[in-house]
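Now for the letters of each chain:
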Amino acid sequence: MSAICLILNSPDIEGAILQVEENRQYINLAELRVDLLKPSERTRAAELPEKVQIPLILTIRLAEDGGRWGINGESEAERINLFLALLNSAPWSFVDIEGNHPLTEVRRAAEAVGAKIIRSVHDFSDNLLSGPVPVLTDLISRLGAEGNILKIAANCADSAALLNLARAAAATKFLDKKILIAMGEYGSPSRILSQRHGSLWTYATSLREMKSQPGQLQPKTLEKLYRFRKIDKSTPLFAVVGNPIAHSKSPVIHNRWLQDLDVEGTYIPIRTDNLAGTLETCDIWDISGLSVTIPHKEVALTLADSASNLAQKTGSANTLIKTSGGWRAENTDAEGFLQSLKEGMGTSSEETLFGRKALIIGAGGAARAVAHVLCNVGMKLTILNRSIDKARTLAEECKAEWGPLDKKALPKLASGIFLAVQTTSLGMPPNERIDPIPWWNPVGCSFVYDVIYGSSETPFLRRAQVAGCQTISGLAMFKAQARLQFQLFTGIVPPSPV
Ligand code: NAP
């Protein structure tokens, strides 16, 4: 099991005590960043161990390593003296000493008082994780061989850099006293899955610092959302992969189901700019189920080792399941859409739809799932899209009419549309004010569905409401496809609604 270490980044000792008390139930240890204390508070640091009664790391971080020591002219000699004074006047469990500074007197003093030494390396340049894996592996092995605890915190520029960290950690798994952290949003999974790369603990931070450090997490989030301290080497792991990913509601929904149903497992977000690389990282960390979102659904299908009929037919996969034969592609968007449509229409049967006319706005991944499922239940489709070729291709697959997404398509919509489904990304941030089809009046259309899900209704859906149509928002589809995914991940049907 990996532990949670809270970074105490308050400018005064009272603030540091408060940070410990607010997080005590979620943390195992804390790191006092003496360099972040006001100069007048620095000698008071010795009061902290007795006041908080929790294992503490003593750190005086240099500016070149991301700290503040030296910024106001403080010297290295003053830093050494402060280290020695604090080590000799209070019981610290650990002292953090940068790997590129010998600090021999400090190390000797730490050993004399029984404080364990952490040798830390900080890289803000992207070079370490974006460079060759053997260089990183050698660094870990070399510093680890000193017998101290080794910490590497390195900037993570993309999915390839996260994969490099996972590879280097796997190559050095024989070293049990290490802490490896990939910094930045791409590196955030390394903070949640520190157990999987053999880290003794993860660093968590208070809200104030989180705002300036993307990828960092609060102790409460680690424990309550991800059940961090329950993750061991056999805990089933699931993730959502996409770019961007920070807004995704999937971790909240899936983790709530896992917890409510008392199913072992954790579900995390992974920002991904290269799905092939992320799949290799998932293999190393033994992540067995993925929700796939924009923009990776089509490439997910091409990378999978096998695919369901629906995934093949729609040309996209929103789900990848790890099997003994590799990754299997599934598509739960199509069935999730149909389930939520029937629920929104108040019917359990598809017969209501048979032979009726549907307009599909858009021809991207979501449109493909919607078109195939509506074609299957016997609806007559008209597909309009900005890129006309995509509308034509999809229409040919579904024996549908097609046209451009502009006024020239109006004649195609002249005779009664029963259901209109909006599937473009217009209506979601940063285009939340845009109606993709302002020139069409939906009066007389019985049902209008917008697959976009967000905190507020889209302009198109609002207009449809005013026109007297019954409207359904994409949140219903989102929940339905997530339920089907959860079932594929765990074999258990989650409760509805979330
Ligand atoms: P996609 O494959 O990238 O397709 C995007 C669609 O939007 C294409 O038809 C594209 O037209 C159109 N589009 C984008 N910008 C446009 C513009 N400025 N003007 C006109 N058309 C524009 O994305 P997707 O996977 O289908 O997702 C589309 C939306 O559905 C997203 O908002 C997504 O969040 C939502 N979605 C919701 C659920 C759910 O569970 N509720 C599931 C899947 C998707 P071109 O072909 O001309 O580029």
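Below or above, wherever it landed, is the structure these notes cover. (Residues numbered from 1 in each chain as written. Predicted model: local features only at pLDDT ≥ 70, side-chain atom pairs only at ≥ 80, totals over all residues. Heavy atoms only, no water.)

1. Some remarks on the site of the ligand
Thought 1: In the region of the ligand, 24 residues are neighbours, and Gly365, Ala366, Ser387, Met428 and Val451 sit closest.
Thought 2: Here Ala366 contributes a backbone N or O atom positioned 2.7 Å from an oxygen atom of the ligand.
Thought 3: Interatomic distance of 3.3 Å between a backbone N/O atom of Ser425 and an oxygen atom of the ligand.
Thought 4: Its free accessible area being 920 Å², the ligand has 81% of it covered by the protein chains.
Thought 5: Elements with a minimum of two residues in the shell around the ligand: helix H16 (365–376) and helix H19 (474–490).
Thought 6: With 4 residues, the top contributor of residues to the shell around the ligand is H19.
Thought 7: Here the residues of the shell around the ligand sort into 10 nonpolar, 10 polar and 4 charged. (Near = heavy atom within 4 Å. Polar contact = N/O pair within 3.5 Å; in protein donor to acceptor, adjacent residues only side chain to side chain. Areas by Shrake-Rupley, 256 points an atom, 1.4 Å probe, with all protein chains shown as cover. Helix = DSSP H or I, 4+ residues; strand = E, 2+ residues; numbered from the N terminus. Nonpolar A, V, L, I, M, F, W, Y, C, P; charged D, E, K, R; others polar.)

2. Remarks on empty space enclosed by the protein
Thought 1: Scanning all chains against the criterion turns up 1 cavity of 30 Å³ or more.
Thought 2: Within this model, the largest cavity holds a volume of roughly 30 Å³.
Thought 3: Every residue lining the largest cavity is listed: Ser159, Leu162, Ile270, Arg271, Thr278 and Thr281.
Thought 4: Listed by contribution, the elements that provide at least two residues to the lining of the largest cavity are helix H7 (159–171), strand E10 (266–271) and helix H12 (275–285). (1 Å grid on protein atoms, 1.4 Å probe; cavity = no way out; pocket = protein on both sides within 12 Å on 5 of 7 lines; lining within 4 Å. Points joined across faces, edges and corners; volume = space filled by probe spheres on them.)

3. Quick notes on the packing of aromatic side chains
Thought 1: Using the criterion set out here, one finds 8 aromatic pairs in the structure.
Thought 2: Taking the centre distance of 4.8 Å and the plane angle of 50 degrees together, the rings of Phe337 and Tyr449 count as tilted. A residue pair is termed long-range when its members are at least 10 positions apart, and Phe337 in helix H15 (residues 333–345) and Tyr449 in strand E19 (residues 447–450) qualify at 112 residues. With respect to burial, Phe337 and Tyr449 carry one shared label: buried.
Thought 3: With a centroid separation of 5.5 Å and 70 degrees between ring planes, the pair formed by Phe418 and Phe447 is classed as edge-to-face. Taken together, the residues span a long stretch of sequence, with Phe418 in the loop between strand E17 (401–404) and strand E18 (419–422) and Phe447 in strand E19 at a distance of 29 residues.
Thought 4: Overall, Phe418 belongs to the buried group, its relative accessible area being 9%.
Thought 5: One aromatic cluster is present, built from ring pairs that chain together Phe94, Trp201 and Tyr203.
Thought 6: Residue placement shows Lys151 over the ring face of Tyr203; its charged tip is 4.3 Å from the ring centre.
Thought 7: Sitting above the plane of the Phe418 ring, Arg356 keeps its charged end 4.1 Å from the centroid. (Phe/Tyr/Trp six-rings, centres within 6.5 Å; stacked < 30°, edge-to-face > 60°. Buried < 20%, exposed > 50% of the residue type's maximum accessible area, 1.4 Å probe, protein only. Lys NZ or Arg CZ within 6 Å of the ring centre and 35° of its normal.)

4. Structural notes on helix H4 (residues 104–113)
Thought 1: Every buried residue belonging to H4 is among Val106, Ala109 and Ala110, and all of these are buried. One side of H4 holds all its buried residues, which, seen down the axis, span an arc of 100 degrees. Relative to its buried face, H4 has exposed residues pointing more than 90 degrees away, namely Arg108, Glu111 and Ala112.
Thought 2: Those residues of H4 that are buried are in contact with helix H3 (76–89), strand E4 (94–98) and strand E5 (116–123).
Thought 3: Gly114 lies just past H4 and shows a positive phi near 80 degrees. (Arc of directions from axis to C-beta. Contact = heavy atoms within 4.5 Å.)

5. Structural notes on the sheet that holds E18
Thought 1: One open sheet holds the 6 strands; their spatial order is E17-E16-E15-E18-E19-E20, and the pairing between them is parallel. With partners counted over all chains shown, the strands left at the sheet margins are E17 and strand E20 (470–473), one partner each. On average, adjacent strands in this sheet sit at an angle of 15 degrees to one another, irrespective of strand direction.
Thought 2: Relative to E20, E19 runs parallel, the two being bridged by 4 bridges. Bridge pairing in E20 links Phe447 to Gln470.
Thought 3: Packing of H15 onto the sheet brings it into contact with E18, E19 and E20, and relative to E20 it is tilted by some 145 degrees.
Thought 4: Against the sheet, H19 touches E19 and E20, its axis set at about 45 degrees to E20. (Pairing = 2+ DSSP bridges. Axes fitted to C-alpha atoms, helices over the stretch in contact; angles between N-to-C directions.)

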